[in-house]
Amino acid sequence: MTHAHGSTGSSHAKAPAGAKGSPIAIGTKVVMDEAGLASLITLLTKVGYQPIGPKARDGAIVYEEIESLSDLPVGFADEQEGGKYRLVAGTKGSFFEYLVGPTSWKRYLFPPTHKLWGAEQKGNGFEIDKAKADVPAYAFIGVRSCELNAMKIQDKVFGFGREDNNGAGIFSDPNYVARRSKALIIAVNCSRAGKTCFCTSMGGDPHVKEDQGFDLALTEFAPQQTHEFMVEVGSERGRLILELLPYRAVTSHDTDRAASQARKARSEMGRKMPPDIKDVLKRNLDHKRWDDVASRCLSCANCTMVCPTCFCSTVQDSTNLTGEKTERTRSWDSCFSVDFSYIHGGAIRPETKSRYRQWMTHKLSNWHEQYGSSGCVGCGRCITWCPVGIDITEEARVIKTTGK
Ligand code: SF4
Ligand code: SF4
């Protein structure tokens, strides 16, 4: 894989026939059609990116490698509720009417399993095989506004954009930082909100804001006579790419359509989180609701696997049968597993009650002290993918209305 940095053409790249209007800059909005979007995917591959985008597979929308427009989930929408997810027919020909599914971009920035290093016996000594320094340059296509917020949260956890200060014990995760630096982000604004969405009560919005860290952001105009996408430029990288694609100038009709789509999505938020939940939880660590939720929770960890901000991991060493090779691997783990809280002699959170309370109070309360924000972006995945339909917003509401 070649690196994509600097390979998208110079700032003097000539726009092809079809490009109109004044020169584009960061913040500029233009409109492209389906052919333009097809060219974008082709161009990304040509300049060395691996496009990752939405696909309909096994009854859900997942983020996987894509090669062309035909890989996108054409005409699909979804229905979501506590413990329920269904793909349904959406607007004919639409690409992005679905909402967030069970995968999130974290699997590409913080992979579920990752080799940290290995070692091989050589004579009387051994050689260390450091993890491959080269990482893929992904182009993420279809990143939602809540997912951009989730990336910003994980950036803080893994130290992306932060100076290391080893003397003070501050280290960044080199693999995350390398993947994140290379990743190109093509966001997509939500045309609707689902019954499990509550991004607006976590400080988010269904439509991206210019400071959220995207390279390009698309607003899909549902196919009528034409199928078009308003494209906003969010970075220099995005600008260089857009310069190589056909587009037309934006009109007030286009911006009005996008604004009305955003208003509609905001009005459809299916859930909400109490604004003062951070302090409510701190006051209610002994609330009887923790017993109630523990009687329903299976401790299956689904909620943490689908959550785009959860980052618990474990490290395992394995050795081959001859004892000549060994490797250390990091894998996703969960605060819902008993082993995760095992400290010599026993687990400090042996009951589901303490594990659920740990997850929810960390996510919504202690996270503020650690990272300066909530750990929840209101994507609703943990509600949809909980097999028994436990709803973080409902647990929060009950504790707030019946607690101290
Ligand atoms: S806690 Fe639930 S709603 Fe919040 S970010 Fe994680 S999965 Fe999404
Ligand atoms: S809250 Fe739901 S998804 Fe999370 S561990 Fe419990 S049963 Fe599993």
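Residues numbered from 1 in each chain as written. Chains lettered and ligands numbered in written order. Predicted model: local features only at pLDDT ≥ 70, side-chain atom pairs only at ≥ 80, totals over all residues. Heavy atoms only, no water.

Trainee: I'd like a description of the sheet that holds strand 2 (residues 50-57), backed by residues and values.
Mentor: Working definition: the strands of a sheet are paired by backbone hydrogen bonds and lie parallel or antiparallel to each other. Strand order across the open sheet formed by eight strands is 3-2-8-9-10-11-1-12, with mixed pairing between neighbours. Two strands bound the open sheet, and with one partner strand each, they are strand 3 (60-65) and strand 12 (248-249). Pairing of strand 2 with strand 8 (residues 138-143), which is carried by three bridges, proceeds in the parallel orientation. Paired with Q50 across the two strands is Y138, which belongs to strand 8. Across the sheet, helix 1 (residues 34-46) lies against strand 1 (29-33), strand 2, strand 8, strand 9 (184-188), strand 10 (216-221) and strand 11 (228-233), angled at about 95° from strand 1, the strand it touches most. This element, helix 3 (residues 145-158), spans strand 3, strand 8 and strand 9 of the sheet and lies at about 135° to strand 8. (Pairing = 2+ DSSP bridges. Helix = DSSP H or I, 4+ residues; strand = E, 2+ residues; numbered from the N terminus. Contact = heavy atoms within 4.5 Å. Axes fitted to C-alpha atoms, helices over the stretch in contact; angles between N-to-C directions.)

Trainee: How would you explain the site of ligand 2 if you had to name every residue and give the values?
Mentor: Taken together, 13 residues surround ligand 2, and among them C297, L298, C300, C303 and C386 come closest. Grouping the amino acids of the shell around ligand 2 by side-chain chemistry returns 11 nonpolar, two polar and no charged. (Near = heavy atom within 4 Å. Nonpolar A, V, L, I, M, F, W, Y, C, P; charged D, E, K, R; others polar.)

Trainee: Break down the confidence of the model for the chain for me, citing the residues and quoting the values.
Mentor: With 94% of its residues at a pLDDT of 70 or more, the chain has an overall mean of 93. pLDDT under 50 marks residues 1-20. Its contacts with residues more than four places away, or in other chains, come to 43 contacts. (pLDDT = per-residue confidence, 0-100.)

Trainee: Describe the side chain of R355, naming the residues involved and giving the relevant values.
Mentor: Along the chain, the position of R355 falls in helix 10 (residues 352-371). Here R355 occupies a buried position and makes no salt bridge, while the nearest side chain of opposite charge, E351, is found at 8.0 Å. Polar side-chain contacts of R355 include one of 3.0 Å to the backbone oxygen of R349. Not counting chain neighbours up to four residues away, the residues in contact with R355 comprise S299, C335, F336, S337, V338, R349 and P350. (Buried < 20%, exposed > 50% of the residue type's maximum accessible area, 1.4 Å probe, protein only. Lys, Arg positive; Asp, Glu negative; His and termini not counted. Salt bridge = Lys/Arg side-chain N within 4 Å of Asp/Glu carboxyl O. Polar contact = N/O pair within 3.5 Å; in protein donor to acceptor, adjacent residues only side chain to side chain.)

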